[in-house]
Amino acid sequence: MLLGFISIVLMTVDHQFNYLDNLRSMLSLGLSPLQHLVNLPIRSARDVTENLSMRRTLLMENQQLRDENLVLKVRLQRFEDLQQENQRLRLLLDSVGETENQVTIAQVMSVDLDPFSRKMRLNKGSQHHIKAGIPVFDTQGVMGQVVQADLFSSVVILITDPEHAIPVQMVRTGLHTIAVGTGSSTLSLRYLPNTADIRPGDQLITSGMGGRFPDGYPVGVVTDVQRNVGEPYTEAKARPAALLDRNRDVLLIWPEHATAAPDAVGALGTSHKNTDSSTPEEASP
Amino acid sequence: MSLERHQGGWVIVFSFILALLLAIIPLPDWIILWRPEWVAMTVIYWCIALPERAGVFTGWLAGIAMDILYSTLLGHYALSYALLAYISLKIHRRLRVFPLPQQVFIIFLLIAFIQLPGLWVRGIQGHPSTLFELLYPAVTSMLLWPWAFISLRMLRQHFHVR
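None of these values were measured; they are calculated from a predicted model.

Engineer: Give me helix H6 (residues 100-113) of chain B: which residues, what numbers.
Structural biologist: Residue and element names in this part refer to chain B. Here H6 spans 20 Å end to end across 14 residues, near enough to the 20 Å set by a 1.5 Å rise per residue. Of the positions making up H6, those classed as buried are Gln103, Val104, Ile107, Phe108, Leu110, Ile111 and Ala112. The secondary structure elements touched by the buried residues of H6 are helix H2 (38-49), helix H4 (76-90), helix H5 (92-97), helix H7 (115-125) and helix H8 (135-158).

Take a look at the structure:
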């Protein structure tokens, strides 16, 4: 009875306030060997298969990556030019210039979390200056944000989790709305008026409202719009742009106003350099 | 409570560690909702095998460990498993003498029942209700219970846990 009562009190406190975050990180430290015990064999098995893959495949992959790198570098040259032009124009308009954001790379641990929520665990934690609230991306778009940073790992809530909502904007019309997770692999767009100009195929990007996510990153594509005359709002569904459950490496992009981490590595748009030699980054295939 | 009476506490701890590992081993997406409740089964086993050693507090501790690993609200699994331990303790005399098929049925009911607090907690957090999915772990736990029961009993007898 007493323990049941304690559980309920704990849940209430944990739900409403963040006093328990420290307790949680401390307890989590004790349990982290378990997570690493599960993560390590799976990861090393993957490494071994990578080591055993044939020389020819490796050479081919190498060639492919080289080609891709070349193409990207050429694009980057154009991009840098555009960025400079953009900066100049912004200066002319007297508006705030865009600063480069700090990024850091982390890996998704091969550990399962609560099957009913959409979360994942990363192999970097507060030791690597990761804090709750830092947005997480992959190469395709927004994945989610850090909700809890333990010492050696952190938990990321994905944008499809029913507890997560992200302010978005349509690329085509500039319409602002909120994309809420559904718990499956889709997003639901809320509070769209019945007259809203929205159709399947519309691109969604972060709007930067709320200050949590930087603006202009792809979030998803509208897949389904249902207009009910009797309902006050139009219902729309969207498919996330990021490959939410097929990633091994993710990017954490530090918001501009946050104090940049001293050893957060690289900056967006420049080459990535890893200063932390104890955890060598795996080359993404 | 002499030292001679209680022994092999590490076996209990070890079995819980094993269950927690099984609970976080990554599974393919289509099977993930069917993951058996390994920790719940371990709680039930120790409650019916050694009711004087394992109890509500054991269940609660295991639940807190699950909450940490699953990043759920602190107390979510703790409440479920404390409840589970309480019921298992209440019926341990009957459960112990039941033949395995009958035991299996009770395990199904128990594990299905302890999903309810979790359902409420998730409901309060705004998750869509998932009534049928909650029964999947109960089904797989039911199917794997004889195996878990026999291997835990062998473990207990081999190390003379009392």
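Engineer: Would you mind going over the packing of aromatic side chains in detail, with residue names and values included?
Structural biologist: Residue and element names in this part refer to chain A. A full pass over the atoms with the stated rule returns 11 aromatic pairs over all chains. Judged by centre distance (4.5 Å) and plane angle (50 degrees), the ring pair of Phe137 and Tyr217 falls under tilted. Taken together, the residues span a long stretch of sequence, with Phe137 in strand E3 (residues 135-137) and Tyr217 in the loop between strand E9 (203-206) and strand E10 (218-226) at a distance of 80 residues. Here Phe137 and Tyr217 have matching classes, each one buried.

Engineer: Quick rundown of the packing of H2(B) against H8(B)? Include the residues and the values.
Structural biologist: Residue and element names in this part refer to chain B. Packing of H2 against H8 brings their axes to within 10 Å, and their N-to-C directions diverge by 50 degrees. As judged from the angle between their axes, H2 and H8 are oblique. With respect to the hand of their crossing, H2 and H8 are arranged in right-handed fashion. Each of Trp38, Met41, Thr42, Ile44, Tyr45, Trp46, Ile48 and Ala49 in H2 lies in contact with H8, whose residues at this interface are Ser141, Leu144, Trp145, Trp147, Ala148, Phe149, Leu152, Arg153 and Arg156.

Engineer: Residue-level account of empty space enclosed by the protein, with values.
Structural biologist: Enumeration over the complete set of coordinates arrives at three cavities of 30 Å³ or more. Here the largest cavity is characterised by a volume of approximately 240 Å³. Lining the largest cavity are 23 residues, with Pro115(A), Glu37(B), Tyr77(B), Gln115(B) and Pro137(B) sitting closest to its centre. Residue assignment for the lining of the largest cavity shows that the elements contributing at least two residues are H2, helix H3 (56-70), H4 and H7 of chain B. Here the lining of the largest cavity is composed, by residue class, of 16 nonpolar, four polar and three charged.

Engineer: Summarise the UniProt feature "transmembrane region" (unreviewed entry) in chain B; cite the residues concerned and give the values.
Structural biologist: Residue and element names in this part refer to chain B. Per the UniProt record, "transmembrane region" (unreviewed entry) is found at residues 12-31, 68-92, 104-122 and 134-155. A helix fraction of 65% and a strand fraction of 0% characterise residues 12-31, whose end C-alpha atoms lie 28 Å from each other. What you have in residues 68-92 is 76% helix and 0% strand, and the ends, taken at the C-alpha atoms, are 29 Å apart.

Engineer: Give me the lowdown on the packing of H2(B) against H6(B), citing residues and values where you can.
Structural biologist: All names here are of chain B. Contact geometry of H2 with H6 gives a least axis separation of 11 Å together with a crossing angle of 120 degrees. One element, H2, and the other, H6, form an angle in the oblique class. Read as a crossing pair, H2 and H6 show a hand that is right-handed. Of the residues in H6, those in contact with Ala40, Met41 and Ile44 of H2 are Ile107, Leu110 and Ile111.

Engineer: Just give me the short version of the sheet that holds strand E12 (residues 249-253) of chain A, but keep the residues and values in it.
Structural biologist: Residue and element names in this part refer to chain A. Spatially, the six strands line up as an open sheet ordered E1-E12-E3-E4-E5-E2, and their pairing is antiparallel. Either end of the sheet is taken by a strand with one partner, and the two such strands are strand E1 (103-107) and strand E2 (119-122). On average, each strand axis in the sheet is inclined to that of its neighbour by 35 degrees, with strand direction left out of account. Pairing of E1 with E12, which is carried by five bridges, proceeds in the antiparallel orientation. In the sheet register, Val103 faces E12, and the bridge partner there is Ile253.

Engineer: Please provide a residue-by-residue account of the UniProt feature "domain: Rod shape-determining protein MreC beta-barrel core" (unreviewed entry) in chain A, values included.
Structural biologist: The feature "domain: Rod shape-determining protein MreC beta-barrel core" (unreviewed entry), as given by UniProt, occupies residues 108-254 of chain A in the numbering adopted here. Taken end to end, residues 108-254 of chain A has its terminal C-alpha atoms 18 Å apart, with 0% of it in helix and 44% in strand.

Engineer: Please provide a residue-by-residue account of the confidence of the model for chain B, values included.
Structural biologist: Residues and elements named next belong to chain B. Within chain B, residue pLDDT values average 85, and 95% of them lie at 70 or more. Mean pLDDT across the elements of chain B ranges from a minimum in H7, with 81, to a maximum in H2, with 91. Predicted complex, confidence summary: ipTM 0.78, pTM 0.76.

Conventions used here
Residues numbered from 1 in each chain as written. Chains lettered and ligands numbered in written order. Predicted model: local features only at pLDDT ≥ 70, side-chain atom pairs only at ≥ 80, totals over all residues. Heavy atoms only, no water. Helix = DSSP H or I, 4+ residues; strand = E, 2+ residues; numbered from the N terminus. Expected span 1.5 Å × (residues − 1). Buried < 20%, exposed > 50% of the residue type's maximum accessible area, 1.4 Å probe, protein only. Contact = heavy atoms within 4.5 Å. Phe/Tyr/Trp six-rings, centres within 6.5 Å; stacked < 30°, edge-to-face > 60°. Axes fitted to C-alpha atoms, helices over the stretch in contact; angles between N-to-C directions. Parallel < 35°, antiparallel > 145°, perpendicular 65-115°, else oblique. Left-handed = near helix turned anticlockwise from the far one by under 90°. 1 Å grid on protein atoms, 1.4 Å probe; cavity = no way out; pocket = protein on both sides within 12 Å on 5 of 7 lines; lining within 4 Å. Points joined across faces, edges and corners; volume = space filled by probe spheres on them. Nonpolar A, V, L, I, M, F, W, Y, C, P; charged D, E, K, R; others polar. UniProt positions renumbered as here; feature names shortened; annotations may be inferred. Pairing = 2+ DSSP bridges. pLDDT = per-residue confidence, 0-100.

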